[in-house]
Amino acid sequence: MIDYINYYYDLYPASINEVDNKYMFYVNSEKYYMVPYDRNIEELDELVNLNKEMILNGSLVHEIIVNKFDKYINNFNGILYIVFRVYVNDSKSVTINDLIYMLNEVSIDFSNMKLISRTNWSKLWEDKIDYFEYQMGHMIKKYPILYNIIDYYLGMSENAILYLKTISSYYEGNVEVGICHRRIGANFTLFDLYNPLNLIIDYKVRDIGEYIKDSFFNDKDINNILSTIYSSYYFDKLNLSLLVSRLLFPSYFFDEFENIVYTDSNENVIFSIIKKSSLFEDFINKFIKSCNLQTIGWLNKY
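Note that the structure is a prediction, hence the values are computed from the model and not measured. (Residues numbered from 1 in each chain as written. Predicted model: local features only at pLDDT ≥ 70, side-chain atom pairs only at ≥ 80, totals over all residues. Heavy atoms only, no water.)

As for the pattern of salt bridges
A side chain with one charge can pair with a side chain of the opposite charge if their charged atoms come near. Our working definition: The salt bridge definition used is simple: a Lys or Arg side-chain nitrogen within 4 Å of an Asp or Glu carboxyl oxygen. For the purposes of this entry, the term helix denotes a DSSP run of H or I that reaches at least four residues, the term strand denotes a run of E that reaches at least two, and both are numbered from the N terminus. Type-normalised accessible area, obtained with a 1.4 Å probe on protein chains alone, sets the label of each residue: buried when under 20%, exposed when over 50%, and partly exposed for intermediate values.
A full pass over the atoms with the stated rule returns 18 salt bridges. With a closest N to O distance of 3.0 Å, R182 and D38 form a salt bridge. Of this pair, R182 sits in the loop between β7 (177-181) and α6 (190-193) while D38 sits in the loop between β3 (30-36) and α2 (44-56), placing them 144 residues apart in sequence. Classification of R182 as partly exposed rests on a relative accessible area of 29%. For E63, the salt bridge goes to R85, with nearest N and O atoms at 2.7 Å. On the criterion of sequence distance, the pair formed by E63 in strand β4 (residues 63-64) and R85 in strand β6 (residues 79-86) is long-range, its members being 22 residues apart. For E63, a relative accessible area of 21% gives the class partly exposed. Residues participating in the shared-partner salt-bridge network are R183, E210, K213, R246 and D255.

Overview of the environment of V48
Mapping V48 onto the fold places it in helix α2. Spatially, the C-alpha atoms of V48 and L197 are 9.6 Å apart, while their sequence positions differ by 149 residues.

Quick look at the environment of I150
We count it as follows: We call two residues in contact when some of their heavy atoms are within 4.5 Å.
For I150, the position within the fold is in helix α5 (residues 144-166). Overall, the relative accessible area of 0% leaves I150 in the buried class. Along the primary structure I150 and K128 are separated by 22 residues, whereas in three dimensions their C-alpha atoms are 12 Å apart. In this structure, I150 is in contact with F132, M136, M139, F253 and F257, ignoring residues within four places of it in sequence.

Details of unusual backbone geometry
Here the phi dihedral of S29 falls at roughly 70°; this positive angle occurs in a residue that is not glycine. With respect to the helices and strands, the residue S29 is situated in the loop between β2 (22-27) and β3. Overall, the relative accessible area of 72% leaves S29 in the exposed class. Although it is not a glycine, N292 adopts a positive phi angle of roughly 55°. On the accessibility criterion, N292 (57% relative accessible area) is exposed.

Some remarks on helix α10 (residues 251-263)
Heads up, the condition is: By this rule the span expected of a helix is its residue count minus one, scaled by 1.5 Å.
For α10, which comprises 13 residues, the first-to-last C-alpha distance of 18 Å matches the rise-based estimate of 18 Å (1.5 Å per residue) to within 8%. Here α10 has its buried residues at S251, Y252, F253, F254, F257 and I260. Positioned one or two residues after α10, D264 has a phi angle of 60°, which is positive.

Considering helix α12 (residues 277-290)
Between its terminal C-alpha atoms α12 stretches 20 Å, which fits the 20 Å expected from 14 residues at 1.5 Å a residue. Of the positions making up α12, those classed as buried are S277, F280, E281, D282, F283, I284, N285, F287 and I288. Packing partners of the buried residues in α12 comprise α5, α7 (205-217), α8 (222-232), α9 (237-248), α10 and α11 (271-274). Downstream of α12 by a residue or two, N292 has a phi angle that is positive, lying close to 55°.

Some details on the packing of aromatic side chains
Stated formally: Two aromatic rings, drawn from Phe, Tyr or Trp (for Trp, its six-membered ring), form a pair once their centres lie within 6.5 Å of each other, and the interplanar angle then sorts them: stacked below 30 degrees, edge-to-face above 60, tilted otherwise. Whether a charge sits over a ring depends on NZ of Lys or CZ of Arg being within 6 Å of the ring centre and within 35 degrees of the ring normal.
Within the structure shown, the criterion is met by 29 aromatic pairs. A centroid spacing of 4.7 Å and a plane angle of 90° characterise the contact between Y152 and Y153, whose relative ring orientation is edge-to-face. Residue classification places Y152 among the partly exposed positions, given a relative accessible area of 31%. Seen from their ring centres, F253 and F254 are 5.7 Å apart, and the 65° between their planes marks the pair as edge-to-face. Neither F253 nor F254 differs from the other in exposure class; each is buried. Lying across the ring of F191, K22 places its NZ or CZ 5.1 Å from the centre. Over the face of the ring belonging to W121 we find R246, whose NZ or CZ atom lies 4.8 Å from the ring centre.

Focus: the side chain of N198
Its location among the elements puts N198 in the loop between α6 and β8 (199-203). Setting aside anything within four residues of it in sequence, one finds N198 in contact with R39, C180, H181, R182, R183, I184 and D192.

Considering the packing of α9 against α12
Our working rule: Axes here mean lines fitted to C-alpha atoms, for a helix over just the part in contact, with angles spanning 0 to 180 degrees between N-to-C directions. These descriptions rest on fixed angle ranges, namely under 35 degrees for roughly parallel, over 145 for roughly antiparallel, 65 to 115 for roughly perpendicular, and the rest for oblique. Residues are sorted three ways: Asp, Glu, Lys and Arg are charged, Ala, Val, Leu, Ile, Met, Phe, Trp, Tyr, Cys and Pro are nonpolar, and all the rest, Gly among them, are polar.
The contact between α9 and α12 brings their axes to 11 Å, and the two run at 175°. By the criterion of interaxial angle, the relationship of α9 to α12 is roughly antiparallel. Of the residues in α12, those touching α9 at L240, L243, V244, L247 and L248 are F280, F283, I284, F287 and I288. In terms of residue class, the contact of α9 with α12 is made up of 10 nonpolar, no polar and no charged.

See the structure below:
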C-alpha cells in the first residue's frame, strides 16, 4: 500500500492505518484518507467540480487529490479508490450547528450539476417502494420480522409521497437548494459531513429532516435540536411542508433493512425502531400542528 501511494501520488507516509475499509496516513502532519469510490462513475466530474468550488469558497470539505497521472480515482486490487486531504477533526460527532453551518456556508451555481441532484423526491421514493415490494416476496422465510412489518413502512412512504404531491396546492414559496448529503445524522462524524462522496444537490430541508429522524431514533434531545434549527434557519410554509414529507419518509427503516439483509445481521435490531413508531407518529403530528400546516387525517388522532 505504501508503495502504491508513493508511486501514484508522490506522497511518502511513514505508515498507513486501515480503519473500516479506509486507509489513513499522514504526510507532513497533514491527514489523508484513501477510500473506496462508491458512487456512479458518471458522477465523478460533477463531484470533483463541486469539491473545487467548495474549496474556493472556503469550505472545510475534504480535498480530492489528483494523482500524478491527472486521475482522481485509482484501481487497487480490483477496487476503485479516491484520496482526500482532511482539514477537520474527523472523529468529532456532527452537531445540528455543524450541519446548519455547512448548509449555509457556500453559494454555488448548481445548474450544471444534474447527475448528483436528488430533488426528484417522488420518483426516488416510488422507485424505493417498488424495490422493497419486490424484496418482500423473497424474504418471508429468512426475515419473518421484516416481512410482517414492512407494509407499515411502505404505507408511511406512500403517505410521504402523497403529502409531497399535494402541498404545492396549499403553499407557495422558494424552495432552497443546496449542498446536502446522501445521509447524515446525529451519530455521524465530521468525516461524513465533509466527505465529498457523501455530497449531493438537494433541497436543504433534506439534511435537516434526516438529522431530526436520526436524532429521534437515537434518543437525542429533539426539543433542543428543533430550537436550534428555528433560531438559525428560516422556513416558509412550503419548506416546512417539504420537511414534513421528509420526516414521513422512513429512510431510517429502509437503511436498517438493507443493513440487515446485506450484512446478514440479526433482524431483531429492528425492534429499536418498531417500538418508537407510535411516538414518532405523535411527534410528526405535533410538529405539523405547531407549524399550522395541512394536517394528515390518520395522524390526527391524538
